[in-house]
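# Descriptive analysis of the structure
The primary structure of each chain is shown beneath.
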Amino acid sequence: QVQLVESGGGLVQAGGSLRLSCAASGRTFSNYAMGWFRQAPGKVREFVGAISRGGTTTRYADSVKGRFTTSRNNAENAVYLQMNSLKPEDTAVYYCAATTGGLPTNLSAYSYWGQGTQVTVSS
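Quick caveat, the model's predicted, so the values are computed rather than measured.

Pairing is antiparallel in the open sheet, where four strands are placed in the order 1-3-8-7. Of all the strands in the sheet, the pair left with one neighbour each is strand 1 (2-7) and strand 7 (68-73). Each strand of the sheet is rotated relative to its neighbour by a mean of 15°, with strand direction disregarded.

Following the criterion strictly, the structure yields four salt bridges and no others. One salt bridge in this structure joins aspartate 90 and arginine 38, with 2.9 Å as the shortest N-O distance. Of this pair, aspartate 90 sits in the loop between strand 8 (78-83) and strand 9 (92-99) while arginine 38 sits in strand 4 (residues 33-39), placing them 52 residues apart in sequence. Per residue, the accessibility class of aspartate 90 equals that of arginine 38, and both read buried. Where aspartate 90 meets arginine 67, a salt bridge forms, and the shortest distance between an N and an O atom there is 2.7 Å. Remark: arginine 67 occurs in the loop between strand 6 (58-60) and strand 7 and aspartate 90 occurs in the loop between strand 8 and strand 9; sequence separation between them is 23 residues. Grouping residues by exposure puts aspartate 90 and arginine 67 together as buried.

In total, this model carries six aromatic pairs according to the counting rule given. Between phenylalanine 37 and tryptophan 113, the ring centres sit 5.0 Å apart and the planes meet at 55°, which makes this aromatic pair tilted. Note that phenylalanine 37 is positioned in strand 4 and tryptophan 113 in strand 10 (residues 112-113), a separation of 76 residues in sequence. Judged by centre distance (6.4 Å) and plane angle (75°), the rings of tyrosine 95 and tryptophan 113 are edge-to-face. On the criterion of sequence distance, the pair formed by tyrosine 95 in strand 9 and tryptophan 113 in strand 10 is long-range, its members being 18 residues apart. Of the aromatic side chains, those joined through ring pairs into one cluster are Phe37, Phe47, Tyr95, Tyr110 and Trp113. Between arginine 72 and the ring centre of phenylalanine 29, over which it is positioned, the NZ or CZ distance is 4.3 Å.

What counts, and at which threshold
- Residues numbered from 1 in each chain as written.
- Predicted model: local features only at pLDDT ≥ 70, side-chain atom pairs only at ≥ 80, totals over all residues.
- Heavy atoms only, no water.
- Pairing = 2+ DSSP bridges.
- Helix = DSSP H or I, 4+ residues; strand = E, 2+ residues; numbered from the N terminus.
- Axes fitted to C-alpha atoms, helices over the stretch in contact; angles between N-to-C directions.
- Salt bridge = Lys/Arg side-chain N within 4 Å of Asp/Glu carboxyl O.
- Buried < 20%, exposed > 50% of the residue type's maximum accessible area, 1.4 Å probe, protein only.
- Phe/Tyr/Trp six-rings, centres within 6.5 Å; stacked < 30°, edge-to-face > 60°.
- Lys NZ or Arg CZ within 6 Å of the ring centre and 35° of its normal.

Written out as structure tokens, the structure reads:
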């Protein structure tokens with residue numbers, strides 16, 4: 001089992017920045033690639049970004065590429081999502097998730113999920 005807890009969400013104006021954190025506990029954190037997803041009201045949960053086990057490889061959804069960056073610190077069992085140039089359409093609940101796969105974009109590839117943290121971007 002891997003337990004994941006997100007933090008760092010909040011209310012920010014358009015153009016602003018937020019940094020989300022995801023703290024992991026349980027099994028060896030470095031055994032898992034980590035993903036970020038988001039779900040806006042009335043919409044399906046969608047892929048945002050992912051980072052490999054060692055942190056050397058990342059991938060992002062086109063909608064956030066160039067604005068969002070994910071990183072990890074395996075010594076601290078944590079993964080981060082730095083969000084810059086935020087837009088109102090980024091408003092959603094953001095989730096981190098763990099997978100033993102590569103850098104999948106599909107939800108079903110992820111075995112463990114956090115409870116989510118709300119990000120609201122005002123215009």
